[in-house]
Amino acid sequence: MSLNSNIPSGPLAQKWDQHKFDLKLVNPANKRKFEVIVVGSGLAGASSAATLAELGYRVKCFCYQDSPRRAHSIAAQGGINAAKNYQNDGDSVYRLFYDTIKGGDFRSREANVYRLAQVSVNIIDQCVAQGVPFAREYGGLLDNRSFGGAQVSRTFYARGQTGQQLLLGAYSALSRQIGLGTVQMYPRTEMLDLVIVDGHAKGIITRDLTNGKIERHAADAVILATGGYGNVFFLSTNAVGCNVTASYRAHKRGAFFANPCYTQIHPTCIPVSGDHQSKLTLMSESLRNDGRVWVPKKKEDCRKRAADIAEADRDYYLERKYPSFGNLAPRDISSRAAKEVCDEGRGVGPSGLGVYLDFGDAIKRLGENKIRERYGNLFDMYECITGENAYRQPMRIFPAVHYTMGGLWVDYHLMSNLPGLFVLGEANFSDHGANRLGASALMQGLADGYFVIPYTIANYFATSKQKCPSTDHPSFKQAEENVTGIASRLLGIKGKRTVRSFHRELGKLVWEKCGMARSKESLEAALKRIPELREEFWQNVNVPGSGQSLNQSLEYAGRVADFMEFAELLCTDALNRDESCGGHFRVEHQTEDGEALRHDDKFAHVSAWEFKGVGNKPELHKEELVYENVHMSTRSYK
């Protein structure tokens, strides 16, 4: 099957504006005839549900949390990018576009990224109008700060809780539509299968998590805005409930999964403290604006207190290796640099897997009050978790799994290869290539939901002859039987191991074999072990309770069952991509300086995988990446 990205013709800067005019419209009276299912209520889900309902469509929105306000977007801390150039420091739409393409190591789709940069300037106005309390300068103008991979200040922020404030803005818009009756909200409801009718996505099967009831929902189109798959590694900065189920079950129904090996390791997380942990905690990248990253130059100093290590004996390794960008080098590069110094035996903390993030110089220069004003809640969070006061001693940080750039394949319209299935935000693959720049996730989620999907979904409705089916259609019956069959099988195993023990073992395996560094040998070992572990899971897992009531063990077991299959796809993709790029670092392919070495002659493409059955090798489809406005070059941040 050929992949048609539907990129419009014409000059890059005019593609989206011209295409919006060329897209078919649905008149206001007819919009009320169409029903849309939105799965997920984070920034992408809430913004799309609210916007489509405002336009007149009938919307059903589903989330497994008890409220849309608890979507994982709330956990984003540092900020949201936009090419406003308020600082008059040389920013522009084109510079944001180029920084994003370069930051993704030339593995993202040029047209989508330019549109994202274009739309970014509207997002800030939208959010300010909703009352989002962005930080402001003394004179009252919106403030900006810097993030990794950029030499300008384009990141708008609300202290260290930007995601929460943006989500509350989107939630207020969503709540208005719920109150008007144009959105039906289904909290504590999990999507467990996608329904395909005559080749088009026309509904979903859900489980009410409070009473176990399986329900059918039909619509004219389905939007997935369900986030990423970072919890396949068990320990990540994601909420414990984040999972791959919605995306992966859509994949099993025919949606192609693109670039699953592109997973991002965030350099600024609180180090692992023990096996008791179920997740890791992010310390915002914004801290690297004022914090300096260092380790001792000498191994013997690693057990000393930071204050007892002389300035001359400190290695500010990011400033040394990347003088142009310093502590704001991109995430993949900063993470590997931290791993490198720890592998040399110069890591700090009880485990030796940590580096210092030191605010001493910034406090001397700006005063403690200014640092509190910028990052106070992050410092409070750090002290609650570690018992250490970061105003008095450096934070200890280490890289951890954070974001996933891979996701379901979509075209320029954000529609998957399955007609009628649209995928927004982190759940799709389109904008970030092999490495996401900081503060761009919130930008993409809101761009997709507020400013892209209203145009492209209308074009689908105006051109498609497929009508909303009845839930009595045989496809709904078959999908429901599939869902109930999985639950019955899980409940009937009555094994001896907990779901969590399997998840922990899988996560550790994937982290060690396909984490910050991968190799042919490690990936082949993972691909040998994962099917064995999956078989043991289906023979020896213990899922107590029944499917007819609240059963969080059953919820969790279904998600881990999907991770057991998805992990194999992730490692297959990583083995197939025989190069290094961004967050995908194959140790066989690196420069003399230890940086990622791409092979553009063989791998300048999107890898889109088609499901061929559990345990069978998926079929690879390629979308060639053509750059007409940028030149593919070796990234340099020196």
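Residues numbered from 1 in each chain as written. Predicted model: local features only at pLDDT ≥ 70, side-chain atom pairs only at ≥ 80, totals over all residues. Heavy atoms only, no water.

### Regarding the state of the cysteines
Stage number 1. The tally for this structure, following the rule as stated, stands at zero disulfides.
Stage number 2. Summary of cysteine pairing: cysteine 261 is not part of a disulfide, and the nearest cysteine sulfur, belonging to cysteine 581, is at 6.5 Å.
Stage number 3. Overall, cysteine 261 belongs to the buried group, its relative accessible area being 0%.
Stage number 4. Left without a disulfide partner, cysteine 468 is nearest to the cysteine sulfur of cysteine 61, which lies 17 Å away. (Disulfide = S-S within 2.5 Å. Buried < 20%, exposed > 50% of the residue type's maximum accessible area, 1.4 Å probe, protein only.)

### Describing the packing of aromatic side chains
Stage number 1. Scanning all chains against the criterion turns up 27 aromatic pairs.
Stage number 2. With a centroid separation of 5.8 Å and 50° between ring planes, the pair formed by tyrosine 460 and phenylalanine 461 is classed as tilted. The burial state of tyrosine 460 is the same as that of phenylalanine 461; both residues are buried.
Stage number 3. Every member of this aromatic cluster is reached through a ring pair, and the members are Phe34, Tyr57, Phe422, Tyr460 and Phe461. (Phe/Tyr/Trp six-rings, centres within 6.5 Å; stacked < 30°, edge-to-face > 60°.)

### A look at the pairing of strand β18 (residues 605–610)
Stage number 1. Counting buried positions along β18 yields five of six residues, so the element is predominantly enclosed.
Stage number 2. Where strand β10 (residues 257–258) and β18 come together, two bridges link them in antiparallel fashion. Counted as the bridge partner of phenylalanine 257 is tryptophan 609 from β18.
Stage number 3. In this structure, β18 lies alongside strand β19 (residues 619–624), joined through six bridges in antiparallel fashion. If you follow serine 607 over to β19, its bridge partner there is lysine 622. (Helix = DSSP H or I, 4+ residues; strand = E, 2+ residues; numbered from the N terminus. Pairing = 2+ DSSP bridges.)

### Some details on the sheet that holds strand β5 (residues 183–186)
Stage number 1. Pairing in this open sheet of five strands is parallel, and the strands run β5-β2-β1-β9-β17 from one edge to the other. Unpaired on one side and paired on the other, β5 and β17 (421–423) mark the two borders of the sheet. Along the sheet, successive strands turn relative to each other by an average axial angle of 20°, direction set aside.
Stage number 2. Relative to β17, strand β9 (residues 221–224) runs parallel, the two sharing three bridges. Note that in β17 the partner of isoleucine 223 across the bridge is phenylalanine 422.
Stage number 3. Of the strands in this sheet, β1 (35–39), β9 and β17 are in contact with helix α12 (residues 441–463), which crosses β9 at around 150°. (Axes fitted to C-alpha atoms, helices over the stretch in contact; angles between N-to-C directions. Contact = heavy atoms within 4.5 Å.)

### Considering the nonpolar core
Stage number 1. Counting 173 residues, the largest nonpolar core has Ile80 and Leu421 as its most contacted members.
Stage number 2. Ranked by residue count, the leading element in this core is helix α16 (residues 552–576), at 13 residues.
Stage number 3. Beyond its immediate chain neighbours, meaning those up to four positions away, isoleucine 80 contacts Ile123, Ile124, Phe134, Arg154, Thr155, Phe156, Thr162, Leu166, Ala439, Leu442, Met443 and Leu446.
Stage number 4. With eight residues, the next largest nonpolar core counts Leu192, Ile205, Ala479 and Val483 among its residues. (Core = buried A, V, L, I, M, F, W, Y, C linked by side-chain atoms within 4.5 Å.)

### Digging into the sheet that holds strand β7 (residues 200–208)
Stage number 1. If you walk across this open sheet you meet the three strands as β6-β7-β8, and the pairing is antiparallel. Unpaired on one side and paired on the other, β6 (189–197) and β8 (214–218) mark the two borders of the sheet. The average angle at which neighbouring strand axes cross in this sheet is 25°, direction not considered.
Stage number 2. In the sheet, β6 pairs with β7 via eight bridges, with the strands oriented antiparallel. Looking at the pairing, methionine 191 lines up with threonine 206 of β7.
Stage number 3. Contacts from helix α13 (residues 474–492) reach β6, β7 and β8, with the element oriented near 140° to β6.

### Considerations on the environment of arginine 374
Stage number 1. Along the chain, arginine 374 falls in helix α11 (residues 368–386).
Stage number 2. Classification of arginine 374 by relative accessible area gives partly exposed; the value is 24%.
Stage number 3. Sequence-distant contacts of arginine 374, defined by excluding residues within four places in its chain, comprise Arg145, Arg159, Gly160, Asp290 and Leu366.

### A closer look at unusual backbone geometry
Stage number 1. Phi at arginine 188 is positive, roughly 50°, even though this residue is not glycine.
Stage number 2. Mapping arginine 188 onto the fold places it in the loop between β5 and β6.
Stage number 3. Unusually for a residue other than glycine, leucine 414 sits at a positive phi of about 70°.
Stage number 4. Relative to the assigned elements, leucine 414 resides in the loop between β16 (407–408) and β17.

### Regarding the domain arrangement of the protein
Stage number 1. Along its sequence, the protein is organised into domain 1 (39–264 + 403–463), domain 2 (269–401) and domain 3 (474–598).
Stage number 2. Each of domain 1 and domain 3 has a C-alpha centre, and these two points are 24 Å apart.
Stage number 3. Listed per partner, the contact involves 47 residues of domain 1 and 50 residues of domain 3.
Stage number 4. Of the roughly 4000 Å² buried between domain 1 and domain 3, counting both surfaces, carbon and sulfur atoms make up 58%.
Stage number 5. At the junction of domain 1 and domain 3, the tally comes to seven salt bridges.
Stage number 6. With its nearest N and O atoms 2.8 Å apart, the salt bridge here joins arginine 598 to aspartate 105.
Stage number 7. Taken together, the connections running from domain 1 to domain 3 amount to 22 residue pairs in polar contact (both at pLDDT 80 or more).
Stage number 8. When residues of the side of domain 1 that touches domain 3 are traced back to their parent elements, those giving at least two are β6, β7, β8 and α7 (245–252).
Stage number 9. Here the side of domain 1 that touches domain 3 gets six residues from one element, more than from any other, and that element is β6.
Stage number 10. Looking at the side of domain 1 that touches domain 3 residue by residue, the class counts come to 23 nonpolar, 13 polar and eleven charged. (Domains from an automatic or database assignment. Buried area = accessible area lost by both parts, 1.4 Å probe. Salt bridge = Lys/Arg side-chain N within 4 Å of Asp/Glu carboxyl O. Polar contact = N/O pair within 3.5 Å; in protein donor to acceptor, adjacent residues only side chain to side chain. Nonpolar A, V, L, I, M, F, W, Y, C, P; charged D, E, K, R; others polar.)

### Quick word on a positive patch on the surface
Stage number 1. Together, Arg32, Lys33, Lys465 and Lys467 make up a region of like positive charge exposed at the surface.
Stage number 2. Of note, lysine 467 is situated in the loop between α12 and α13. (Patch = residues over 30% accessible without salt bridge, like charges linked within 9 Å, V, L, I, M, F, W, Y side chains within 5 Å. Areas by Shrake-Rupley, 256 points an atom, 1.4 Å probe, with all protein chains shown as cover. Lys, Arg positive; Asp, Glu negative; His and termini not counted. Charge placed at Lys NZ, Arg CZ, Asp CG, Glu CD.)

### Observations concerning the packing of helix α3 (residues 43–55) against helix α6 (residues 162–180)
Between two packed helices, both the angle of their axes relative to each other and the distance between the axes serve to describe the pair.
Stage number 1. Between α3 and α6, the least distance of the axes is 8 Å, while the angle of their chain directions is 35°. Crossing of α3 over α6 shows left-handed handedness. The residues of α6 that touch α3, namely those facing Leu43, Ala46, Ser47, Ala49, Ala50, Ala53 and Glu54, are Leu166, Leu167, Ala170, Ala173, Leu174, Arg176 and Gln177.
Stage number 2. Class assignment for the residues of the contact of α3 with α6 results in ten nonpolar, two polar and two charged. (Left-handed = near helix turned anticlockwise from the far one by under 90°.)

### Considering the pattern of salt bridges
Two side chains bearing opposite charge may form a pair once their charged atoms approach each other closely.
Stage number 1. Enumeration over the complete set of coordinates arrives at 59 salt bridges.
Stage number 2. Notably, a salt bridge pairs lysine 213 with glutamate 215, separated by 3.9 Å at the nearest N-O pair.
Stage number 3. A residue is classified by how much of its surface remains accessible, and glutamate 215, at 22% relative accessible area, is partly exposed.
Stage number 4. Note that arginine 529 is salt-bridged to glutamate 532, the shortest N-O span being 3.5 Å. Highlighted residues: arginine 529 and glutamate 532, both in helix α15 (residues 520–540), separated by three residues, approximately one helical turn.
Stage number 5. Judged by its relative accessible area of 25%, arginine 529 is partly exposed.
Stage number 6. Three or more residues are tied together by salt bridges with common partners; here these are Asp105, Arg107, Asp332, Arg336, Arg577, Glu579, Arg598, Asp600 and Arg635.

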